[in-house]
Amino acid sequence: MEVISYNSPRCCNLNRRLVVKKSSSRQQVKIPLCRKHRILCTRVQFRSGSLVLPNKHHLFLKNVYHGKGSRPFKALEGFNNVDPKVLSGNYNGYVVGSEDEMGRMSETGQSVTKVLIPGLPDESNGECGARISSCFWQWKPKFNVHYEKSGAENVNSPPLLFLPGFGVGSFHYENQLKDLGREYRVWAIDFLGQGMSLPFEDPTSPSREEGITEGKDFLWGFGDKTEPWANGLVYSMDLWRDQVRHFVEEVIGEPVYIVGNSLGGFVALYFAACNPQLVKGVTLLNATPFWGFFPNPIKSPRLARIFSWSGTFPLPENVRKLTEFVWQKISDPESIADVLRQVYADHSVNVDKVFSHILETTQHPAAAASFASIMFAPQGELSFREALSRCHMNNVPICLMYGKEDPWVKPVWGRQVKKQVPEAPYYEISPAGHCPHDEVPEVVNYLLRGWIKNLESEGAVGLPLLDDMEMESIQNNITRDLEFVKEGSKKSVMVRFLGSKFSLWNLIKSSLKSRFGKLETKSP
């Protein structure tokens, strides 16, 4: 099969003999590598191929993210004058200062312990992050699935797989690949129909009609007849679930810890529900609790028949016109920047790379029709709640991390998940929006490391931010101030941990009590 090169030489060989460790809670799994697939890799220290934007776009980004609306973190005072005490050597975390110095209060009126955590690798000071390899894997005809990996030399470490949100790709996990790749084997994948996993041929034959679309030759998927290789193709939850399963089986070759943000969180949960034998644990980062508007043909065949088209190619004429109109709006650079401004709570975060990668994807000739297919695709066979229930039934470990200031998937959604799976650790991060892994990667990486070590040690290592006494006595929630150095400045993020006896009503009562207490204190 032909492999698309993107001007990148081959540099990796796969060892087809796999060794899969036994787990106390999992049966031994042997997964053969498929010989018919070829993989092409190229090592990259910095991302090549990023779109070079016109000056006006850089200027626009500068005004959006570094102007009046910026909210940079404030450096902590007196930090260098205290002696850190080790909180837990397993996570490289430290309690900072004495009780008298910890004057900050959480929203519930509790004192907040300050904890120093490691920052990201500082390459400006010669500290090297893990080397990232950009690769392509052939799964389906005319498709090359793009993914990135790091930490291949960490042969005895657990494997981690990151799934992106809608509209982005593996590039969104650069901070995880560089940092966590120093200890683990890490992969990040682009879903089919997104990122760099778009087809390299038109899935439809060119339309014979003229004058319908200006610049029609540059848009794929707008033809009248489907090419044989694209028959039945639809960018749906079921397709992405199967894509992840084959990737784990054929590329990684053993069960993984899977981490997903937004749409990727739903896909991660869906995949784990259907393939628990391939999953060591699932981490949800502001996972979207629903996806798709149209009924699933397997789950609701009668209802599905009402809708004559559900994301397959070619696009019907009325859908083509709607797609053209909508696509012009959402692919505009200003619209992309506006969305990023919404989902990132801290506008001082540099999103230039994210912006350029998204804009580059929108200029691919297959992007518009792929977007239409995604929007009209049927729902998955399992709802988010059903997938969560099945994971719970199969004892799949789950960890929840949610940015508190997310305008789309608000914390109430994460707390509903916590309520359904009460034993799952829940970390609410503030300030952080829809993409906490990119806004505060230091915090997410720290929590993820600690959670994995807790599972790998079968509980011998405590959960991050908790000591043994707190593990035994925690009733509702605790709060920690996580401090780290970023670009030479000290930053602070508050993280709330919800315990196993968490109840939404108790949290509401605690918040109300705190607010009314503050009002009483202020009154004369």
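Residues numbered from 1 in each chain as written. Predicted model: local features only at pLDDT ≥ 70, side-chain atom pairs only at ≥ 80, totals over all residues. Heavy atoms only, no water.

The name given to the protein in an unreviewed UniProt entry is Pheophytinase, chloroplastic, with the source organism recorded as Gossypium hirsutum.

> Give me the lowdown on the overall build of the protein, citing residues and values where you can.
Within the protein, the regular secondary structure consists of 15 helices and 16 strands. Roughly 25100 Å² of accessible area belongs to the protein as shown, and the carbon and sulfur atoms make up 51% of that amount. (Helix = DSSP H or I, 4+ residues; strand = E, 2+ residues; numbered from the N terminus. Areas by Shrake-Rupley, 256 points an atom, 1.4 Å probe, with all protein chains shown as cover.)

> Please provide a residue-by-residue account of the pattern of salt bridges, values included.
Two side chains that carry opposite charge are able to pair once their charged atoms sit near each other. One pass over the structure, following the stated rule, counts 18 salt bridges. For Asp-179, the salt bridge goes to Arg-449, with nearest N and O atoms at 2.7 Å. One end of the pair, Asp-179, is in helix H2 (residues 174-180); the other, Arg-449, is in helix H13 (residues 441-456), with 270 residues separating them in the sequence. With a relative accessible area of 13%, Arg-449 lands in the buried category. Arg-185 is the salt-bridge partner of Glu-254, the closest N and O atoms lying 3.0 Å from each other. Here the residue Glu-254 occupies a position in the loop between helix H3 (237-252) and strand S11 (256-261), and Arg-185 occupies one in strand S8 (residues 185-189), the gap between them amounting to 69 residues. Residue classification places Glu-254 among the buried positions, given a relative accessible area of 16%. (Salt bridge = Lys/Arg side-chain N within 4 Å of Asp/Glu carboxyl O. Buried < 20%, exposed > 50% of the residue type's maximum accessible area, 1.4 Å probe, protein only.)

> Break down the packing of aromatic side chains for me, with residues and values.
For the coordinates displayed, the defined rule picks out 19 aromatic pairs. When the ring of Trp-327 is compared with that of Phe-371, the centres are 5.5 Å apart and the planes differ by 45 degrees; the resulting orientation is tilted. Note that Trp-327 is positioned in helix H6 (residues 317-330) and Phe-371 in helix H9 (residues 367-376), a separation of 44 residues in sequence. Both residues of the pair, Trp-327 and Phe-371, count as buried. Aromatic rings pair up to connect Trp-137, Trp-139, Tyr-147 and Phe-247 into one cluster. Above the face of the Trp-139 ring, Lys-140 is positioned so that its terminal group lies 4.6 Å from the ring centre. (Phe/Tyr/Trp six-rings, centres within 6.5 Å; stacked < 30°, edge-to-face > 60°. Lys NZ or Arg CZ within 6 Å of the ring centre and 35° of its normal.)

> I'd like a description of the pairing of strand S5 (residues 132-138), backed by residues and values.
The element S5 is extensively covered by neighbouring structure, given that seven of its seven residues are classed as buried. Inspection of the sheet shows S5 paired to strand S6 (residues 144-150) by six bridges, in the antiparallel sense. Counterpart to Phe-136 in the pairing with S6 is His-146. Connecting S5 to the next strand, S6, in antiparallel fashion are five residues, including Lys-142 with a positive phi near 70 degrees. (Pairing = 2+ DSSP bridges.)

> If you had to explain the nonpolar core to someone new, which residues and values would you point to?
Within the largest apolar cluster, 68 residues are counted, with the highest numbers of intra-cluster contacts made by Leu-161, Trp-240 and Ile-258. When residues of this core are assigned to their parent elements, the largest contribution, nine residues, is made by helix H4 (residues 263-274). Sequence-distant contacts of Trp-240, that is, excluding residues within four places in its chain, are made with Phe-191, Leu-192, Gln-194, Tyr-235, Leu-263, Val-267, Trp-291 and Ile-374. Within the second largest apolar cluster, 36 residues are counted, among which are Tyr-173, Ala-432, Ile-452 and Phe-484. (Core = buried A, V, L, I, M, F, W, Y, C linked by side-chain atoms within 4.5 Å. Contact = heavy atoms within 4.5 Å.)

> I'd like to hear about a nonpolar patch on the surface, residue by residue, with values.
A grouping of Phe-290, Val-412 and Trp-413 is seen on the molecular surface, where their side chains present a nonpolar patch of about 300 Å² in accessible area. Tracing the backbone through its elements, the reader meets Trp-413 in helix H11 (residues 411-420). (Patch = residues over 30% accessible without salt bridge, like charges linked within 9 Å, V, L, I, M, F, W, Y side chains within 5 Å.)

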